[in-house]
Amino acid sequence: MTTPFSVSVEGLLLTADRLLDGELADATTVGRYRGACLALRTALELCVDRVLEAARPGLSRTTGRAKLLLLHSVAPAETARRAKALWSQLSLGCHYHLYELGPTYDQVRAWRTEADGLVRELIH
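Peer 1: Go over the overall build of the protein chain, please, and point to the residues and values.
Peer 2: Helix and strand content of the protein chain: five helices and zero strands. Starting at the N terminus and ending at the C terminus, the protein chain contains elements arranged as α-α-α-α-α. Compactness check: the protein chain gives a C-alpha radius of gyration of 14 Å against a globular reference of 14 Å for 124 residues, within 12% of the reference. With the principal axes as the frame, the protein chain shows a C-alpha extent of 40 × 30 × 20 Å. A sequence separation of at least 24 residues applies to 64% of the contacts in the protein chain between residues at least 6 apart. Accessible area of the protein chain: about 7,100 Å², with a carbon and sulfur share of 58%. Separation between the mean location of the 15 positive side-chain charges and that of the 14 negative ones in the protein chain comes to 6 Å.

See the structure below:
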C-alpha cells in the first residue's frame, strides 16, 4: 500500500513541476499555474487521507474540511495548521475568480515547496 501512495503523491508533485516549468505548452501561463495548484492540492489531500486512514480507519471518508480539522488529532498542531493554510491557498489558486489575477509563478513555486515539506512530514 505504501508504493501506490508514494507514486500517486510524487506523481502529482512532479506534474506540478512540469506545469510550472512550461512543459505543457498547449496551456496558457495562468492555466498552467492553476493546474499546478490543483495538482498540489490533490497531492496534499491524498496525503492527509492516508495519514487519517492509517491512524483511525474510517476518518478518510469525511469531507475535506473535516479531514483538515481531524488532522490535528493525528499530527503535530503546527503541521496540521500549515496543511490547512496551504490547502486554503491552493484552493483559491486553482479556481478562476472574476476580477482577480491568477496565482503567480513565485506564489505557486512557494506553495510547491511547502507542499513537499508537508508531505514529507506527514508520511514520516
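Peer 1: Please give an account of the nonpolar core that cites residues and values.
Peer 2: Judged by nonpolar contacts, the single largest core of 33 residues is most densely connected at Leu40, Leu71 and Val108. When contributions to this core are tallied by element, the ones reaching two or more residues are helix 1 (2-20), helix 2 (29-55), helix 4 (77-94) and helix 5 (105-123). Top contributing element to this core by residue count: helix 2, with eleven residues. Valine 108 has contacts with Leu20, Tyr33, Ala36, Cys37, Leu40 and Pro103, leaving out every residue within four places of it along the chain.

Peer 1: Now, about the environment of alanine 85: what can you tell me, with residues and values included?
Peer 2: Turning to its location among the elements, alanine 85 is positioned in helix 4. Accessibility expressed as a relative area gives 32% for alanine 85, which makes it partly exposed. C-alpha of alanine 85 to C-alpha of leucine 68: the two residues are 17 residues apart in sequence and 9.6 Å apart in space.

Peer 1: Which residues make up the state of the cysteines, and what are the values?
Peer 2: Tallying each qualifying case throughout the model produces zero disulfides. Summary of cysteine pairing: cysteine 47 is not part of a disulfide, and the nearest cysteine sulfur, belonging to cysteine 94, is at 18 Å. Among the residues examined, cysteine 47 registers a relative accessible area of 0% and is labelled buried. No disulfide involves cysteine 94; its sulfur sits 6.4 Å from that of cysteine 37, the nearest cysteine. Note on cysteine 94: relative accessible area 14%, which makes it buried.

Calculation criteria
- Residues numbered from 1 in each chain as written.
- Predicted model: local features only at pLDDT ≥ 70, side-chain atom pairs only at ≥ 80, totals over all residues.
- Heavy atoms only, no water.
- Helix = DSSP H or I, 4+ residues; strand = E, 2+ residues; numbered from the N terminus.
- Rg over C-alpha atoms; globule rule 2.2 N^0.38 Å.
- Contact = heavy atoms within 4.5 Å.
- Areas by Shrake-Rupley, 256 points an atom, 1.4 Å probe, with all protein chains shown as cover.
- Lys, Arg positive; Asp, Glu negative; His and termini not counted.
- Charge placed at Lys NZ, Arg CZ, Asp CG, Glu CD.
- Core = buried A, V, L, I, M, F, W, Y, C linked by side-chain atoms within 4.5 Å.
- Buried < 20%, exposed > 50% of the residue type's maximum accessible area, 1.4 Å probe, protein only.
- Disulfide = S-S within 2.5 Å.

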